[in-house]
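Coordinate inspection notes
If you want the building blocks of each chain, they are given just below.
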Amino acid sequence: MLYFLMNRFIIIAMIKSGKPTIKQLAERAGVSKTAVSFAFNSPERISSETYHRIMDIAQEMGYSPDPVARILAKRKTQSLALLLPQSIPDIFQNPYITEILRGFGEVCDKKGFSVLVLSPLKGIISHAVLNAAVDGMAILGVTETSDVHSVCRQRNMPYVTIDAGIGENYINIGIDDEKSACSLASVLLKNGHRRICICSLMSVSHELLNEGTSQTMNARYRGIKKAVADVCPGENVDIYVISAATSFYESYMVAKKELSKQNRPTAIFCMAGIQTYGFYRAARELNLRIPDDLSIVTFDNLPYNELLSPVPTAVNQPGFEKGQQAAEILIDLLEGQSRSSVVIDVEVISTGSVAPVSGGVKGL
């Protein structure tokens, strides 16, 4: 009882005198300051018994490391950022982004890094880069000419891009968008479709609005043109572009308007998986059968695609793997290793959402 009262007296005295220190915690626990540091930062380096004793006493004392002081001392945050091209509420309507974050987070969890999710600061991506307290950054949705590259170099901070296209002066994780779009468009063209609507992505930030179409979209358009030249050279092919936000509701509203037209397309080419869901709903409401009345192909073979009937023909774009690769490369760069851009092999998964075009457009 006397021992208990003395311990309580010591704790109260510490509280009155200010925040407990690592030295006081080490003395109470009968260990070194290094052991206390291991308990909070690398618990695998001490025994389970020592870890629990330190943490129990830390809780009694009200001790916790000062994260700001630790960052200033080590000049490291032990955190990586995923910088997205839209506001947080908007971007997480797109399940493709969720897949990237899952892959990014999995690697960070294993390697002991925390994850900070960022969006453009006042609509400008480079401002978010300047204000982020992180060790490295993966940036989605920028172009080769973006100010982001110079800002990251100015900060001397390791960074990678995702879906920015291959550039000489930065590391990118992506797919061969031109080849993939060519393969996907060829599926429609080989089935006789000659009036095709491409549902593109709306610009996503003030900075990107000024820069125009991204390299990724340009590569995909080149792939579609190549498919036309390869499959039906000299034929009259009507391929036109509309835009929709990467959200289910906005895509649905755009789809309903487009599919209600008298001269509607026989096929839809979606640049994002989330847009496909909007077209499926609109087609159902307008009594258009997929694929008999309307064929649909899409990028992003998302897990939720399995819930659609028929499952859409899609480029098996691996968002999860892209996130993994981005985090692994960033950590390697922080450790002084040399890395280069990664082009992930993909394929078109052909399912039941495409059929040969009929002599006339059905469903009118």
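How each quantity is defined
- Residues numbered from 1 in each chain as written.
- Predicted model: local features only at pLDDT ≥ 70, side-chain atom pairs only at ≥ 80, totals over all residues.
- Heavy atoms only, no water.
- Helix = DSSP H or I, 4+ residues; strand = E, 2+ residues; numbered from the N terminus.
- Buried < 20%, exposed > 50% of the residue type's maximum accessible area, 1.4 Å probe, protein only.
- Contact = heavy atoms within 4.5 Å.
- Core = buried A, V, L, I, M, F, W, Y, C linked by side-chain atoms within 4.5 Å.
- pLDDT = per-residue confidence, 0-100.
- Expected span 1.5 Å × (residues − 1).
- Axes fitted to C-alpha atoms, helices over the stretch in contact; angles between N-to-C directions.
- Parallel < 35°, antiparallel > 145°, perpendicular 65-115°, else oblique.
- Nonpolar A, V, L, I, M, F, W, Y, C, P; charged D, E, K, R; others polar.

Along the chain, I290 connects to P291 via a cis peptide bond; the corresponding omega equals 10°. Relative to the helices and strands, P291 resides in the loop between α14 (273–285) and β9 (295–298). Phi at D163 takes a positive value of approximately 60°, unusual for a residue other than glycine. Here D163 is to be found in the loop between β4 (159–162) and β5 (172–175). For D300, which is not glycine, the phi torsion reads 70° and is therefore positive. The topology assignment puts D300 in the loop between β9 and β10 (313–315). Since its relative accessible area comes to 2%, D300 is described here as buried.

Attention now goes to the side chain of T216. Here T216 is to be found in helix α12 (residues 215–231). Under the relative-accessibility criterion, T216 is labelled buried at 7%. Leaving out residues up to four positions away in the same chain, T216 has contacts with D163, A164, G165 and D177.

Grouped together as the largest cluster of nonpolar side chains are 70 residues, with contacts concentrated most on F104, F269 and F279. In terms of residue count, the dominant contributor to this core is helix α10 (residues 177–190) (seven residues). If sequence neighbours within four positions are ignored, F104 has contacts with L80, A81, L82, V115, A138, G323, Q324, A326, A327 and L330. Core analysis: the second largest hydrophobic core is formed by 18 residues, L118, A128, V142 and V148 among them.

Let us now look at the confidence of the model for the protein. With 86% of its residues at a pLDDT of 70 or more, the protein shows a mean pLDDT of 84. This stretch, residues 1–17, has a pLDDT under 50; its non-local contacts, to residues over four places away or in other chains, come to nine contacts. Scored below 50 in pLDDT, residues 204–212 makes 23 contacts in the model with residues more than four places away or belonging to other chains.

A word on α12. The terminal C-alpha atoms of α12 lie 24 Å apart, and with 17 residues this matches the ideal 24 Å at 1.5 Å per residue to within 8%. If you check which residues of α12 are buried, you get T216, M217, A219, R220, G223, I224, A227 and V228. Where α12 is buried, its residues meet α10, β6 (195–201), β7 (238–244) and β8 (267–270).

A word on the side chain of E258. Positionally, E258 belongs in helix α13 (residues 248–259). When its relative accessible area of 4% is taken as the criterion, E258 is described as buried. Residues within four places of E258 in sequence aside, it is in contact with C197, Y240, I242, R264 and P265.

As a further point, take the environment of E99. For E99, the location among the structural elements is in helix α7 (residues 95–111). Expressed as a C-alpha distance, the spacing of E99 and Q324, which sit 225 residues apart in the sequence, is 9.9 Å.

What follows is about the packing of helix α3 (residues 33–41) against helix α4 (residues 48–61). Two elements in contact, α3 and α4, have axes separated by 10 Å at closest approach and are oriented at 90°. By the angle between their directions, the pair α3 and α4 is classed as roughly perpendicular. Together, A35, V36, A39 and F40 of α3 and Y51, I54, M55 and A58 of α4 make up the contact between the two elements. In terms of residue class, the contact of α3 with α4 is built from eight nonpolar, no polar and no charged.

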